[in-house]
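# Geometric and topological summary
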Amino acid sequence: MFKTTLLGAALALAPIALGAQTTLTAETTSPGSTPHYIGTALAAILESEGVATLQITEGATLTNSVQAVAEGRLDMAPAPLILPFLLGRGIGPYSGVGAEQGAELAQNVQAIFFVAASAQLFGHYNSGKVSDPRQLDGLRIWNGPPRGAALTSGRAAIQLLSGLKEGEGYEGIQSPWPDTVSTITGGGADAWTLPEGLPSGRQIAIAAAGGTTLYDMPSDLLASELGQQILKAPGHAPYSIPVEEYRAAYEGNDITIVTDDDTFDSFALAFAQFVNAGMDEELVYNITTAMLGGQERFETGSPRGPYLFMSFSDLAGVSQGACGAVQIKMHPGAIRAYEDAGHTVADCLRP
């Protein structure tokens, strides 16, 4: 990981507001990812509006980031909704925390807005061993970082595609997010599954080393009992984009998109931008108000902008993946900002 104070040249597009008084710490994923783009765009908006300066650590493991927010060691981080869910139960990557402490910590994590831009895909080099994504026996497959929500989703994707579980038909390869591209391009995996925004800088970098093919989750598999379980699993949300739009996003790169119909269908990781519940309400109100007012900048500042699926309108809760198996609450300052902007907020999102 490395830390960047998002001022000056790093965000030259943003006019610097000299009146900004508050400095906040934040973490995000590696450059080229959707959470990274949203985080840096948010930092630029907050700086230009004079709300706050974000000091962002890039390449973070979001599992750790959520716990740091809960413990008050970090002000803000993006993360899949399933992480506070797991933290609250002291299970999965938080098994060392325990159920009692995990439940206490999870109460300290609240959302300020929601995102569902990163959808699971499967890919391989055209020159490699894969000829059918449903036949993956004996292969080495990069399926996520060493732990966390992306790894859980990656394992689910491979099981859905091929019926195989890690260690019982294929070898799962994991590496930290910053090492993903080098691990794959260096020959460390025969194929990969990743949650990606559109277009993905990672997939473009991987394809620079040789032509690739990317697949969605086939319709018959998504409609199966397992597929429906995965779609409805904590932290997941349905994802569908016209395939021609998906292909157009990668135009000019040696990337082939394969689907079984006219849409790219998959399951997305439902994300939120989280802050500590103890953050000053007025500060959160100003942050969220600036975010809502920056919709055009988010949507036009990057090719991935139109496909962020950020919450710029009414919040029903269920459609954000937050009021089902996963119960996430919003910070009161964020709720007030949405309502003052004319949007409704579901009762299930209120603390």
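Residues numbered from 1 in each chain as written. Predicted model: local features only at pLDDT ≥ 70, side-chain atom pairs only at ≥ 80, totals over all residues. Heavy atoms only, no water.

## Side note on the overall build of the chain
Of regular secondary structure, the chain possesses 13 helices and twelve strands. Whereas a compact globule of 351 residues would reach a radius of gyration of roughly 20 Å, the chain reaches 20 Å, a difference of no more than 12%. Each principal axis of the C-alpha atoms in the chain carries an extent, and together these give about 55 × 45 × 35 Å. Within the chain, the fraction of its 351 residues that count as buried is 58%. Long-range pairs, those at least 24 residues apart, make up 77% of the contacts in the chain between residues at least 6 apart in sequence. Carbon together with sulfur atoms contributes 50% to the accessible area of the chain, which is approximately 13700 Å² in total. (Helix = DSSP H or I, 4+ residues; strand = E, 2+ residues; numbered from the N terminus. Rg over C-alpha atoms; globule rule 2.2 N^0.38 Å. Buried < 20%, exposed > 50% of the residue type's maximum accessible area, 1.4 Å probe, protein only. Contact = heavy atoms within 4.5 Å. Areas by Shrake-Rupley, 256 points an atom, 1.4 Å probe, with all protein chains shown as cover.)

## A short note on the pairing of strand E3 (residues 53–58)
In the case of a regular strand, side chains alternate between the two sheet surfaces. Burial analysis of E3 places five of its six residues in the buried class, which makes it a mostly covered element. Pairing between strand E2 (residues 23–27) and E3: five bridges, direction parallel. From the neighbouring strand, Leu24 faces E3, where its bridge partner is Leu54. Taken together, E2, helix H1 (residues 34–48) and E3 form a β-α-β motif whose crossover is right-handed. (Pairing = 2+ DSSP bridges. Right-handed = clockwise from strand over helix to strand, strands pointing away.)

## Some points on the packing of aromatic side chains
Applying the stated criterion to the full structure yields seven aromatic pairs. On the numbers, 6.0 Å between centres and 45° between planes, the contact of Phe122 with Tyr215 is tilted. Of this pair, Phe122 sits in strand E5 (residues 109–125) while Tyr215 sits in strand E9 (residues 212–215); the two residues are 93 residues apart in sequence, bridging distant segments of the chain. Tyr215 matches Phe122 in its accessibility class, with the two residues each being buried. (Phe/Tyr/Trp six-rings, centres within 6.5 Å; stacked < 30°, edge-to-face > 60°.)

## What to know about helix H2 (residues 62–70)
In an α-helix there are 3.6 residues to a turn, and that puts residues three or four apart on one side. Within H2, eight of the nine residues are buried, leaving the element largely enclosed by the surrounding structure. Packing partners of the buried residues in H2 comprise E2, strand E4 (76–80), helix H3 (82–89), helix H4 (99–106), E5 and strand E12 (263–276). Among the residues trailing H2, Gly72 stands out with phi positive, at a value near 80°.

## A short note on the state of the cysteines
Considering all chains together, one arrives at one disulfide under this definition. What pairs with Cys323 in a disulfide is Cys348, and their sulfur atoms sit 2.0 Å apart. Measuring the twist about the S-S bond at about 90°, one finds the Cys323-Cys348 disulfide to be right-handed. Taken together, the positions of Cys323 in the loop between helix H12 (295–300) and helix H13 (332–340) and Cys348 in the segment after H13 put the pair 25 residues apart, joining distant regions of the chain. With a relative accessible area of 15%, Cys323 lands in the buried category. (Disulfide = S-S within 2.5 Å.)

## Structural notes on the confidence of the model for the chain
In the predicted model, the chain carries a mean pLDDT of 91, and 94% of its residues have values of at least 70. A low-confidence stretch, residues 1–20 (pLDDT under 50), is modelled with 46 contacts involving residues beyond four sequence positions or located in other chains. (pLDDT = per-residue confidence, 0-100.)

## A word on the nonpolar core
Formed by 64 residues in total, the largest nonpolar core has its most connected members in Phe114, Phe298 and Met330. By size, the runner-up hydrophobic cluster in this structure holds 26 residues, among which are Leu121, Trp142, Trp192 and Leu194. (Core = buried A, V, L, I, M, F, W, Y, C linked by side-chain atoms within 4.5 Å.)

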